[in-house]
Amino acid sequence: MGGLISRILAIRDRFLIESASDDLYPENNSSNPVDPSTSRLLSSNSSSSSSSNDLQASSPSLLSTAGGSPIEVLPLDLTLKIFSFLDVVSLCRCAQVSKAWHDLALDGSNWQHVDLFDFQTAIEGNVVARLSMRCGGFLRTLCLKDCRGVEDSTIKTISAHCHNIEKLILTKCIQLTDKTAEHLSRNCPHLRYVNFSSCRSITNATCRLLSVGCLELEHLDLSYCPVTADGIEAISSKCLLLRSLVLKYCREITDDALVHIGANCPHLQRLNLQGCKFVTDEGLKSICEGCHELEKLSVSGCDSLTDLTLKRLGSSCHQLRTFEAAGCSHFSDTGFSSLGPGCTRLQRMDLEECVLVTDNTLTHLSANCVHLQSLALSHCEKITDSGIRQLCVGPCADSMQVLELDNCPIITDISLDLLRNCKSLRRLEIFDCQMVSRTAISKLQRQCPELKVHAFFPPNTPPLQQNQPRRQRICRCCSLL
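Not measured: the values here are computed from a predicted model.

Cut-offs and rules
Residues numbered from 1 in each chain as written. Predicted model: local features only at pLDDT ≥ 70, side-chain atom pairs only at ≥ 80, totals over all residues. Heavy atoms only, no water. Helix = DSSP H or I, 4+ residues; strand = E, 2+ residues; numbered from the N terminus. Buried < 20%, exposed > 50% of the residue type's maximum accessible area, 1.4 Å probe, protein only. Areas by Shrake-Rupley, 256 points an atom, 1.4 Å probe, with all protein chains shown as cover. Salt bridge = Lys/Arg side-chain N within 4 Å of Asp/Glu carboxyl O. Polar contact = N/O pair within 3.5 Å; in protein donor to acceptor, adjacent residues only side chain to side chain. Contact = heavy atoms within 4.5 Å. Disulfide = S-S within 2.5 Å. Phe/Tyr/Trp six-rings, centres within 6.5 Å; stacked < 30°, edge-to-face > 60°. Lys NZ or Arg CZ within 6 Å of the ring centre and 35° of its normal. Core = buried A, V, L, I, M, F, W, Y, C linked by side-chain atoms within 4.5 Å. Axes fitted to C-alpha atoms, helices over the stretch in contact; angles between N-to-C directions. Parallel < 35°, antiparallel > 145°, perpendicular 65-115°, else oblique. Nonpolar A, V, L, I, M, F, W, Y, C, P; charged D, E, K, R; others polar. Left-handed = near helix turned anticlockwise from the far one by under 90°. Lys, Arg positive; Asp, Glu negative; His and termini not counted.

Draft legend 1. The arrangement of the overall build of the protein chain in detail. Counting its regular elements, the protein chain contains 20 helices and 14 strands. Among the 481 residues that make up the protein chain, the fraction classed as buried is 48%. Per element, the accessible surface of the protein chain, about 22,900 Å² overall, is 50% carbon and sulfur.

Here's what the structure looks like:
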């Protein structure tokens, strides 16, 4: 507890020093609104607060002689500001110090951003409900990730008391149903960010409900939820501010859903379709034609896509910065030769298991994607030292930070010698590259001390000793006789 108090006093001293020159304490200059109940609780200390105004003009060390707790002599707005820097655990500890600290620590202004995933995921729903009642209109962000005790009734209480909530993370809250969306739609009109990932009981009804009452929605994550094109049509046609849509492993998503997205979401910037097996080139055609502001696209695991999608992306989505296509086994050099010149702002690419990719793809990326920072080529077995040379001598060599070459069997020590030219490279993955030696790795690490190389070499098989006497083999029949 002594360390916690020292931390609070250090924050206090910093603010007092700033106040000498910036006049931090005008009467109406409170960055956090003060709860009226807290004001009444501290009204008995008003004399100390008024006398502290004279002390603030002098050295902060004079506060230690003012009598009473060093915290109590500070103005209420500054005290609450100090408490606002504490995390959930520290606030709970402060609440056990005294009655005054209890009211200060649990004041709603200190609980604008609550993350219970880092605190206690086994928390019960009624505890979350009581917390929301105390936070009230102050609460802006609430993370209940993996809090499996949370039910629809909990969200009902939260929505009833926290009308100003903007960000709600409900990942793996497996007891939630469409009733949750009903409460949010009715009471939380300012909701901008919702994450329902792995909430298996969330269906199309949630999309329809959110499209009625949460028109400011910008980010929606429905990963692993059984939603279909009907739900996507409802959310995309009404929530016109939608910027980010995550549909990872939504197995029932088809091209029809992408048609609605392309027609209704012209400002969409991030779209994740990982694992949506039924998505084809025709669906991506609608995205390319309607979402010209797209910056991040993930189609990993969409193994029905072909080079036609890459050509359309290159001709329409010039703002693309992140492209994830792991497992798209039909993508080849022909498609990437069109993607590279058209998407020159690419910074991150995941081409793992794009088995048709050869050195020609690296030639196009190196020449056109000068801002490329991360490139995954794991299991691209046709990549050779010549392709790595193109990356190391091209314009993207200065920006490359992460390079993954796992299971590229033709890569040799020559590639590691070339990678010295990538001065910004910080991480290199070369697991199961049989033609890369330990000597080359050690040499590269000596020359680039900031580079982390992740590699694996199978243990050597011990040689058979030539002079070791061999035991005579006798079959079981002979041994019995």
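Draft legend 2. Molecular detail of the pattern of salt bridges. With the rule as written, the count across this model stands at 12 salt bridges. Close ionic contact of Arg 192 with Glu 218 constitutes a salt bridge, the shortest N to O distance being 3.1 Å. Highlighted residues: Arg 192 in the loop between helix H9 (178–187) and strand S4 (193–195) and Glu 218 in the loop between helix H10 (204–213) and strand S5 (219–221), separated in sequence by 26 residues. For Glu 218, a relative accessible area of 30% gives the class partly exposed. Here Asp 303 makes a salt bridge to Lys 277, at a shortest N to O gap of 3.6 Å. Separated by 26 residues along the polypeptide, Asp 303 in the loop between strand S8 (296–298) and helix H14 (307–316) and Lys 277 in the loop between strand S7 (270–272) and helix H13 (281–290) bring together distant segments of the chain. Residue classification places Lys 277 among the partly exposed positions, given a relative accessible area of 40%. Among the ionic contacts, a cluster of salt bridges with common partners joins Lys 179, Glu 182 and Arg 186.

Draft legend 3. Molecular detail of the side chain of His 219. Positionally, His 219 belongs in strand S5. Reaching out from His 219, the side chain makes a polar contact with the side chain of Ser 244 at a distance of 2.8 Å.

Draft legend 4. Inspection of the environment of Asp 230 at higher detail. Mapping Asp 230 onto the fold places it in helix H11 (residues 229–238). Looking at Asp 230, the relative accessible area reads 49%, which means it is partly exposed. In this structure the C-alpha to C-alpha distance between Asp 230 and His 260, which are 30 residues apart in sequence, comes to 9.2 Å.

Draft legend 5. Seen up close, the environment of Thr 141. When you line up the elements, Thr 141 lands in strand S2 (residues 141–143). Residues Thr 141 and His 113, 28 residues apart in the sequence, show an inter-C-alpha distance of 4.6 Å. In this structure Thr 141 touches Gln 112, His 113, Val 114 and Lys 167, once residues within four positions along its chain are discounted. In this structure the side chain of Thr 141 is engaged in a polar contact, spanning 3.1 Å, whose partner is the side chain of His 113.

Draft legend 6. Expanded view of the state of the cysteines. The full count for this structure, using the stated rule, is 0 disulfides. Considering cysteine sulfurs only, Cys 225 is the nearest to Cys 207, which forms no disulfide, with 8.4 Å between them. What makes Cys 207 buried here is its relative accessible area of 1%.

Draft legend 7. Geometry of the packing of aromatic side chains. Taken as a whole and judged by the stated rule, the model has 4 aromatic pairs. Plain terms: the ring middles of Phe 331 and Phe 336 are 6.1 Å apart, the flat faces sit at 90 degrees to each other, and that makes the pair edge-to-face. Overall, the relative accessible area of 0% leaves Phe 331 in the buried class. Here Phe 336 falls in the buried class, since its relative accessible area comes to 0%. Cluster of aromatic residues (ring-pair linked, three or more members): Phe 323, Phe 331 and Phe 336. The ring of Tyr 193 carries Lys 167 above its face, with NZ or CZ at 4.6 Å from the centroid.

Draft legend 8. Fine view of the nonpolar core. Counting residues in each nonpolar core, the largest one holds 124 residues, and the members touching the most others are Leu 144, Phe 196, Leu 220, Ile 261, Phe 323, Met 349 and Leu 375. Beyond its immediate stretch of four places on either side in the chain, Leu 220 contacts Val 194, Phe 196, Leu 210, Ile 235, Leu 242, Ser 244, Leu 245 and Val 246.

Draft legend 9. Expanded view of the packing of helix H7 (residues 125–135) against helix H8 (residues 152–161). Where H7 meets H8, the closest approach of the two axes is 9 Å, and the angle between their N-to-C directions is 0 degrees. Judged on the interaxial angle alone, H8 and H7 are roughly parallel. In contact with Gly 125, Val 128, Ala 129, Ser 132 and Met 133 of H7, H8 contributes Thr 154, Thr 157, Ile 158 and His 161. Here the residues of the contact of H7 with H8 sort into 4 nonpolar, 5 polar and no charged.

Draft legend 10. Seen up close, unusual backbone geometry. The backbone phi angle of Lys 172 is positive, close to 65 degrees, even though this residue is not glycine. With respect to the helices and strands, the residue Lys 172 is situated in the loop between strand S3 (167–169) and H9.

Draft legend 11. Region of interest: the environment of Cys 343. Turning to its location among the elements, Cys 343 is positioned in the loop between helix H15 (333–342) and strand S10 (348–350). Put simply, Cys 343 and Gly 314 are 29 residues apart on the chain and 5.6 Å apart in space, counted from C-alpha to C-alpha. With residues near it in sequence (within four places) discarded, Cys 343 still touches Leu 313, Gly 314, Cys 317, Leu 320 and Cys 369.

Draft legend 12. The packing of H14 against H15, seen in detail. At a minimum axis distance of 7 Å, the contact between H14 and H15 shows a crossing angle of 15 degrees. Classified by the angle their axes make, H14 and H15 are roughly parallel. In this structure, H14 meets H15 at a crossing whose hand is left-handed. Here H14 contributes Asp 307, Leu 310, Lys 311, Leu 313 and Gly 314 to the contact with H15, which in turn contributes Thr 334, Gly 335, Phe 336, Ser 338, Leu 339 and Gly 342. Each residue belonging to the contact of H14 with H15 can be placed in one class, and the counts come to 4 nonpolar, 5 polar and 2 charged.

Draft legend 13. Highlighting the side chain of Asp 307. Here Asp 307 is to be found in helix H14. Despite its burial, Asp 307 remains without a salt bridge, the nearest opposite charge being carried by Lys 311 at 6.4 Å. A polar side-chain atom of Asp 307 sits 2.4 Å from a polar atom in the side chain of Ser 332. In this structure Asp 307 touches His 330, Phe 331, Ser 332, Thr 334 and Gly 335, once residues within four positions along its chain are discounted.

These results come straight from atomic positions and should not be treated as a statement about function.
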